[in-house]
Amino acid sequence: MISKNNSNVPAAALTKGDFCYIILIEINAGGGAKMLEGYAMTIVGKSKSDNTDNFCINGKIRFDAEDKYLAAWDDVTHKKNVYAVFSGRGSEDMAATAAFIGASVAEKCRKKDLAANFEAFSELLNGEICDYIFNCDGVRVALLTSVLCISGKSVSAFNIGGGAVLLLRNGRLKSLVKKNESFAGSFEEEGGCGFERSQELTLEDGDSFAVCCEAVVNAVPENELAEIMKNEPSAKKAAAAIIRKAMDSGAEEALTAAVVKYTDAPEKKQGFFGWFFK
C-alpha cells in the first residue's frame, strides 16, 4: 500500500526535495512472536538539486522525483528480506539514474535469493551500469551500494564502495562488512566490480541494523551511530535521527540510511461483526 500522507515523516529531519519511505516487515504477530521493523530515509544533499541516492527495501524504491514525501508500508511476511542503499557518482542526473538502476536490479534479484547469489547480482549490476555509460556516449558514472540480507534467521551483508552495514547487539556496535574502493560501472579491462562479503550470522533477539551510504558514514562517527541506535526505540526514529545528525554535521551529499530492528511483534486484536438468526 502506498500513501502520500506524510504524517509519519519527522518534520525536523526533512527539507524541500526530501524523499522518505517507511517499511514495516512483519515476520509474525501476537503471542510473543518477533518481527523485523525497517525504516529507510533518503534526503537531497545541501549542495544538490537532484537526489543521487536510492534504496530498495523488499520492493520499495524511490520511483518518482516529483513525489517529495512518500510513505510505503509493507506488512507482508517475506522469506527473503533485502535492505539496500545506493549512491550514484557523476553528473547529478546520471548519478540519480544509476541509483535507480541499482535499486531496480536489487528488487529483480531479491526473490531469487540475493544473499546466495550476490556475485551474480554484482555482475548484473555492473553490467547494467556499464551499458548505461555506453548508451550515454561513454560519459562515466559510478554506483556504490551496501546491502543487508535477512532470510529466516540467516543474516549476511555486502558492500561495493565506502558505505556500511552495522549491527548493534548487546549494546555494542560493529561493522559487518569492510569498506572497499570498488564501484559498479567498472569495465572488464579496468578490473570489473569487486565486493566485500560478511560472514553469515544468526539473527538474535534485540538485534538492530543500520545500512548507511558513504556520505552518512563520513559524517557520523560510529560511536554516535551506536548511541542513536541504543536510544531510539523504533527504526523510524533511529533512521530519522541518523539523517538529522549527518545534516547537522555539515554533510553536503545526498544522505540515505535504513534501520532494521528485530523486535517483539504487537499482538493483533481480532474483531467480529455479523448477524445471527434463529
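Reading the values: rules and limits
Residues numbered from 1 in each chain as written. Predicted model: local features only at pLDDT ≥ 70, side-chain atom pairs only at ≥ 80, totals over all residues. Heavy atoms only, no water. Phe/Tyr/Trp six-rings, centres within 6.5 Å; stacked < 30°, edge-to-face > 60°. Helix = DSSP H or I, 4+ residues; strand = E, 2+ residues; numbered from the N terminus. Buried < 20%, exposed > 50% of the residue type's maximum accessible area, 1.4 Å probe, protein only. Contact = heavy atoms within 4.5 Å. Polar contact = N/O pair within 3.5 Å; in protein donor to acceptor, adjacent residues only side chain to side chain. Pairing = 2+ DSSP bridges. 1 Å grid on protein atoms, 1.4 Å probe; cavity = no way out; pocket = protein on both sides within 12 Å on 5 of 7 lines; lining within 4 Å. Points joined across faces, edges and corners; volume = space filled by probe spheres on them. Nonpolar A, V, L, I, M, F, W, Y, C, P; charged D, E, K, R; others polar.

Caption draft 1: Structural context of the packing of aromatic side chains. Taken as a whole, this structure holds three aromatic pairs when the rule is applied. With centroids separated by 5.1 Å and ring planes inclined at 55 degrees, the aromatic side chains of Phe-118 and Phe-121 adopt a geometry described as tilted. Here Phe-118 and its partner Phe-121 are both found in helix H2 (residues 118-135), three residues apart, which amounts to about one turn of the helix. Across the pair, exposure class does not vary: Phe-118 and Phe-121 are buried alike. Look at Phe-118 and Phe-158: their rings are 4.0 Å apart centre to centre, the planes differ by 5 degrees, and that puts the pair in the stacked class. Taken as a pair, Phe-118 in helix H2 and Phe-158 in strand S8 (residues 154-160) lie far apart in primary sequence, 40 residues in all. According to the relative accessible area criterion, Phe-118 is buried, its value standing at 1%. With a relative accessible area of 0%, Phe-158 lands in the buried category. Grouped by ring-pair contacts, the aromatic residues Phe-118, Phe-121, Phe-158 and Phe-195 constitute a single cluster.

Caption draft 2: Structural view of the side chain of Ser-156. Positionally, Ser-156 belongs in strand S8. The exposure class of Ser-156 is buried, given its relative accessible area of 8%. Setting aside chain neighbours within four positions, we find Ser-156 in contact with Ala-115, Val-147, Leu-148, Cys-149 and Ser-198.

Caption draft 3: Up close: the side chain of Ser-186. Tracing the backbone shows Ser-186 in the loop between strand S10 (172-175) and strand S11 (196-197). A relative accessible area of 4% means that Ser-186 is categorised as buried. Within the structure, the side chain of Ser-186 is placed 3.1 Å from the backbone oxygen of Gly-192, a separation counted as a polar contact. In this structure Ser-186 touches Asn-126, Cys-130, Arg-140, Gly-191, Gly-192 and Cys-193, once residues within four positions along its chain are discounted.

Caption draft 4: Layout of the pairing of S8. Here S8 lies mainly inside the structure; six of its seven residues are buried. Summarising the sheet, strand S7 (residues 142-151) and S8 pair through seven bridges and their orientation is antiparallel. For Ile-150, the partnering residue across the bridge sits in S8 and is Val-155. Between the antiparallel neighbours S7 and S8 lie two residues, among them Gly-152 with a positive phi of about 65 degrees. Note that S8 and strand S12 (residues 201-202) share two bridges and pair antiparallel. Residue pairing for S12: Ser-154 is matched across the bridge by Thr-202.

Caption draft 5: Structural detail: empty space enclosed by the protein. Counted according to the given criterion, the structure contains one cavity of 30 Å³ or more. Computed from the structure, the largest cavity encloses a volume of approximately 40 Å³. Taken together, Val-85, Ser-87, Leu-144, Thr-145, Ser-146, Gly-163, Cys-213 and Glu-214 form the lining of the largest cavity. Among the secondary structure elements, those contributing two or more residues to the lining of the largest cavity are strand S6 (80-89) and S7. Among the elements that take part in the lining of the largest cavity, S7 stands out by supplying three residues, more than any other. Taken together, the residues that form the lining of the largest cavity break down as three nonpolar, four polar and one charged.

It is worth stressing that arrangement in space is one thing and function is another; only the former is reported here.
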